[in-house]
Amino acid sequence: MSRLSDSNVAVAKEIIARYPRQKSALIPLLHLAQEQTGYISREAMVHLGELVGVTSAEVYGTATFYEMFRFEPIGKYLVNICGTMSCALMGSEKLMHHAEKRLGVKAGGTTADGMFTLAHAECQAACTEAPCLQVNYRFRLRVTTADLDNLIDDLKTGKLSDEIPVHGVLSKVRQHIAPDREVGAVAPELVNESPVWLNGKAAL
Amino acid sequence: MTIVDPVGEKIVVDPNVVNITINDKPVLARKGEFIIAAADRTDDFIPRFCYHPRMSSVGMCRQCLVEVETPRGPMMVVSCMTPVAEGQIVRTATDTVKKAQEGVLELLLANHPLDCPVCDKGGECPLQDQAFSHGPGESRFIEEKRHYEKPIAISEIVYLDRERCILCDRCTRFADEVAGDPLISFTSRGNDTQVLTFPDEPFSSYFSGNTVQICPVGALTAKPYRFKARPWDLDQTESTCTSCSVGCRIVVQSSRDELVRYQGVDIDPVNWGWLCDRGRYNFESVNSTERLTTPLIKDGSELATTSWSVALESAARLIRLALVNGSDSVAILGGARGTNEDAFAWALLADQLGISQRDAQLGDGLTPEIFNLPQATIDETCAASTIILLSPDLKEELPVLYLRIRDAAQKRKSRIVEFSSRDSGLTPYAWRSIGFEPGQQAQVVRQTLDTPEMSEQLRRGDVVVVVGRANLAENESLTLHALAELLHTVPNAKILPVLRRGNVRGAVAAGLTPQKNSGDAIDILTKAATGKVECLILLGADPFSDVADSTLVERAFAQIKNVISIDTFVNRSNRNADVVLPAAAFGEKNGTTTNLEGRVSNVTQQITPRGTSRPDWIIATELGLSLGADIGVSSLDELHQKMISCVAEFSSCADVSAIQSDGVLMVHETPVTISRSPIVSIDRNSYNYRLVVSRTMYDKAQSTVASQSLSGIITEAAIYVHPLDLARIGVVEGTSVRVGIDGTNIVIPVNANNGVHRGTAWLPYNHTGVDIRPLLNIASDIVDVRIEVIK
């Protein structure tokens, strides 16, 4: 069972309240579900459907549209090694081979202890720092095989647990919208005036 | 705006009309409509796959590209998404358009398997037809096509072949927009996009068959028709579905003298082309091998086959014998499942024999008086400002009416005010849904209508009350009292009576209704229980399953000397009958039928009646001859003419061509009023649960049980309570509990259901497993039961 935890349900309700239509909150909620377990489980999709009042099929259709939502359990650390042009030229292939040998899994696989999932990634927009990789979406730049070994050791011993969040978390800081910048949960077609923070200037 | 009518010289001034030109011909278009809709009224066909006139446009397939003149020259637009505009010049067949159409088709066919020879759609396939008429003829695609498992079952009935799918969004749009069951959705993206259900959760919509009908390729197929026939071998005729009283127009298709498929026909006043799955697939029961094919006569304790002459003579003898003791010792029940003409023939025979005890409703309807209240049509209902529901769950009982009213509430300006003891399919779309405990409805209606908010709403425009029997565990009078309250506050309201059986209005109008102050079906059975009815004639009626009060039926049948049954199947009520005459089923006979709004339309014969079965009207005529009571008709046409001239309600039905298309509305008699009665509130002991018993779409109705694709969908009987009440009872879901009243107990599983109100318990009627009817006593106004844990 991996429905949202009670504390995450509270977060989910706060997110839902930001939108005039409940189902608009679906994508942030899918991220929330992925933060909780590293992937989006069947039960989580059913739960999200209940929370925003859509069918599980609609949640499933929305979720599967996006590449970065995962539907299978993954390791505690997702290691994405970039394989696009700049990184490839700078030796990312060698890095991947090294990682595969070191972790004992092929790209796409998860280690038996559930610590690491190794994956190929497309360009991560750090071409000047090639070759690059991300661990749970945190960058490591100009990575050598020795760097990679150290990284894996550090992750194993928990040295980086402050810096690198658990799997699935995109940002460590949850956004809160200041009340004076909130449009409020009003349907767009019902908004007659421009938002307060535009100081009376007409909206575009 | 001044418009020159292209047909005549007439000058029309209508702000809602715009003039456009399609292929150099002037066309009148409605403001706001799309080019493709305007073009559909001309001879110029614009190819399309995703566009459907009854659903919103999405521009998915890009096949309907046309050229529109702009100040910068001709521009290519999708005609299903581009509204018409004054002076617009549209060209549908220029070289550029043709090249675009060919290009789109080449792309759509790139991944299409072209397995037309083994595809059920082959021969009636828009993709095949338009590849022929608008396609490039050859493909440049030499790569491997996309492969998927073929086909996957997405429900008990519907199969999906994703290789054939062209992603037009028709099925998913229908499920979401029209049916309100978005259980199928596009999943994944790009080359992987496919229609799927949520994993392991079926597309269990009551309307799933429509997706098969509107699929423009062979991606969706339905179990009952898969590999049964080729479209060019089908014979077909237009008819009216009589599975319930909505009366949807259908096309009945057969192959080798066997029914193989129904398709919905789009008529404006009723079904818009849609059908429910029960109506669409219960034709299988007509083909059932269990059908009665020869007359049966009691031989000792068994029924034995016999000839028509022997059976008719025996029936006549039994009736004659009973009539010796007065005409009240014979009674006729049923007739609502046949045609108007069938009912009229039986009514004529009953008139001749002086039998006044007849009733086409079986204790679960409403007094025929309500047909004399000002009536609303389905269209009027859906155009009303306020639709008041005092009715059964329309999604379960009259599914296509549910679609129409849902559409009115979602897309038009109607507001639904629902009075109900249980959440219904329309509750999510209701403006206000007001719950009541059975027995309190009149009071709740009075209090609700008194509120300022409601008074204001009722003043906004037309009001239509949709009224029917919502709860088989309460007396009819409770519904009528509540209706009287409504009509007292809103005297101008029209009503739409929603009675369930296919032709109940026609049968009642034709005369199968209590005559000369004789009682209704329940009174007849009550009299029979005291031994006063010697001979009971059943016209397609099975009191053991149709009448809620099973003890009453048992007592009555124990006393009735002789039963004559005219039916299509052997059932519990005619298993011990003296004579059983096999009746022709739907699709095997001609005639007319009347829907719930009083619309008369034709039903047509498409196949030969099974065995020696005959239409009811012939049986009535022949039986009359055996009894020396000639009803004086020798053909269906004569009977129809006689009905039109004798029955005032049918006097409008002389227009044959109208009856064969949209139907003709019956003439209504002088309006009556129903008067209010003092409000009596029936209090409930808090240890008890007040019963709500209602029908669901798939129950043990003969036509469902005998249809193999549907019979597996019927669920086991269970009692449903609110989750908090389940906690109070202290058992987990699925536990068997004892449900009792006055020493009568049944043992049945209990389940939680959020739609059941607290303090009430819901029992779906006539499901498999435990028989719930011992709890139902029609004599009492309401039924309160105890639910006890079995220790």
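A word on the overall build of chain A. In terms of helices and strands, chain A carries seven helices and four strands. Across chain A, helices and strands are ordered from the amino to the carboxyl terminus as α-α-α-α-β-α-α-β-β-β-α. For chain A, the residues scored as buried account for 31% of the 204 residues in total. Sequence separation of 24 or more characterises 60% of the internal contacts of chain A that already satisfy a separation of 6 or more.

This part takes up the domain arrangement of chain B. Split by domain assignment, chain B resolves into domain 1 (2–93), domain 2 (148–285), domain 3 (296–366 + 508–665), domain 4 (368–497) and domain 5 (689–789). For domain 1 of chain B versus domain 4 of chain B, the distance between C-alpha centres works out to 40 Å.

Before going further, it helps to spend a moment on the domain arrangement of chain A. Here the domain parsing of chain A yields domain 1 (6–71) and domain 2 (77–157). In this structure, domain 1 of chain A and domain 2 of chain A have C-alpha centres spaced 29 Å apart.

Residue and element names in this part refer to chain A. Relative to the 16 Å expected for twelve residues at 1.5 Å per residue, helix α2 (residues 26–37) spans 17 Å between its end C-alpha atoms, a close match to the ideal helical length. Here α2 has its buried residues at Leu26, Leu29, Leu30, Leu32, Ala33, Gln34 and Gln36. Those residues of α2 that are buried lie in contact with α1 (6–16), α3 (42–52) and α4 (56–64). A positive backbone phi angle near 90° is found at Gly38, which sits one or two residues after α2.

Moving on, we come to unusual backbone geometry. Pro131 of chain A follows Ala130 of chain A through a cis peptide bond whose omega is -10°. In this structure, Pro131 of chain A sits in the loop between β2 (116–121) and β3 (133–135). One non-glycine residue, Arg256 of chain B, adopts positive backbone phi at about 50°. Mapping Arg256 of chain B onto the fold places it in the loop between β14 (249–255) and β15 (258–264). Not every positive phi belongs to a glycine, and Trp272 of chain B is a case in point at roughly 55°. Turning to its location among the elements, Trp272 of chain B is positioned in the loop between β15 and α6 (277–281).

This part covers the sheet that holds strand β6 (residues 73–78) of chain B. Residue and element names in this part refer to chain B. In spatial order, the strands read β4-β3-β7-β5-β6; together these five strands make up an open sheet with mixed pairing. Each end of this open sheet is capped by a strand with a single partner; those strands are β4 (25–30) and β6. Adjacent strand axes in the sheet meet at a mean angle of 35° when their direction is disregarded. The sheet contact formed by strand β5 (residues 65–70) and strand β7 (residues 88–91) spans two bridges and is antiparallel. Bridge pairing in β7 links Glu67 to Arg91. Set on the sheet, helix α2 (residues 95–110) makes contact with β5, β6 and β7; between it and β5 the angle comes to about 150°.

This paragraph deals with the nonpolar core. Membership of the largest hydrophobic core comes to 259 residues, with the highest contact counts inside it found for Leu29 of chain A together with Val465 and Ala761 of chain B. If you tally residues by element for this core, the top one is helix α8 (residues 340–353) of chain B, at nine residues. Excluding residues within four positions of it along the chain, Val465 of chain B makes contact with Ile388, Leu390, Leu483, Leu486, Ala493 and Ile495 of chain B.

Let us look at the environment of Asp379 of chain B. All names here are of chain B. Within the fold, Asp379 resides in helix α9 (residues 378–383). Taking the C-beta count within 10 Å as the criterion, Asp379 has 14 such neighbours and is therefore assigned partly exposed. Along the backbone, Asp379 and Thr193 are 186 residues apart, and their C-alpha atoms lie at a distance of 39 Å.

It is worth spelling out the packing of α1 of chain A against α2 of chain A at this point. All names here are of chain A. Interhelical geometry of α1 versus α2 gives an angle of 165° and a closest axis separation of 10 Å. The orientation of α1 relative to α2 falls into the category roughly antiparallel. As for how α1 packs across α2, the hand of that crossing is right-handed. For the pair formed by α1 and α2, the contact residues are Asn8, Val11, Ala12 and Ile15 on the first element and Pro28, Leu29, Leu32 and Gln36 on the second. Class assignment of the residues belonging to the contact of α1 with α2 gives a composition of six nonpolar, two polar and no charged.

This paragraph deals with helix α7 (residues 308–323) of chain B. Residues and elements named next belong to chain B. Helix length check: α7 (16 residues) gives 22 Å between terminal C-alpha atoms against 22 Å at 1.5 Å per residue, within 8%. Every buried residue belonging to α7 is among Ala311, Leu312, Ala315, Ala316, Leu318, Ile319 and Ala322, and all of these are buried. The arc that holds every buried residue of α7, seen down its axis, measures 160°, which confines them to one face. Residues of α7 that are buried make contact with β16 (296–299), β18 (330–334), β25 (535–539), β26 (562–567), β27 (579–582) and α19 (616–627).

All names here are of chain B. Burial along β7 is one-sided: the residues Gln88 and Val90 are buried and none of Ile89 and Arg91 is. With three bridges connecting them, strand β3 (residues 17–22) and β7 associate as parallel partners. Bridge pairing in β7 links Thr21 to Ile89.

On a regular strand, each side chain points to the face opposite its neighbour's, so the side chains alternate between the two faces of the sheet. Residue and element names in this part refer to chain B. Direction of pairing for strand β31 (residues 689–694) relative to strand β36 (residues 784–789): antiparallel, over a ladder of two bridges. Across the sheet, Arg690 pairs through a bridge with Asp784, a residue of β36. Alignment of strand β33 (residues 736–741) against β36, held across four bridges, turns out to be antiparallel. Residue pairing across strands places Val739 opposite Ile787, the latter belonging to β36.

Bringing the confidence of the model for chain B into the picture now. All names here are of chain B. Residue-level pLDDT values for chain B average 94, and 98% of them are 70 or greater. Least confident of the elements in chain B is strand β1 (residues 2–4), whose mean pLDDT is 49; most confident is helix α5 (residues 208–214), at 98. In the model output, the complex is listed with pTM 0.92 alongside ipTM 0.89.

Quick notes on the rules
Residues numbered from 1 in each chain as written. Chains lettered and ligands numbered in written order. Predicted model: local features only at pLDDT ≥ 70, side-chain atom pairs only at ≥ 80, totals over all residues. Helix = DSSP H or I, 4+ residues; strand = E, 2+ residues; numbered from the N terminus. Buried ≥ 20, exposed ≤ 12 C-beta atoms within 10 Å, placed from the backbone. Contact = placed C-beta atoms within 7 Å. Domains from an automatic or database assignment. Expected span 1.5 Å × (residues − 1). Pairing = 2+ DSSP bridges. Axes fitted to C-alpha atoms, helices over the stretch in contact; angles between N-to-C directions. Core = buried A, V, L, I, M, F, W, Y, C linked by C-beta atoms within 7 Å. Parallel < 35°, antiparallel > 145°, perpendicular 65-115°, else oblique. Left-handed = near helix turned anticlockwise from the far one by under 90°. Nonpolar A, V, L, I, M, F, W, Y, C, P; charged D, E, K, R; others polar. Arc of directions from axis to C-beta. pLDDT = per-residue confidence, 0-100.

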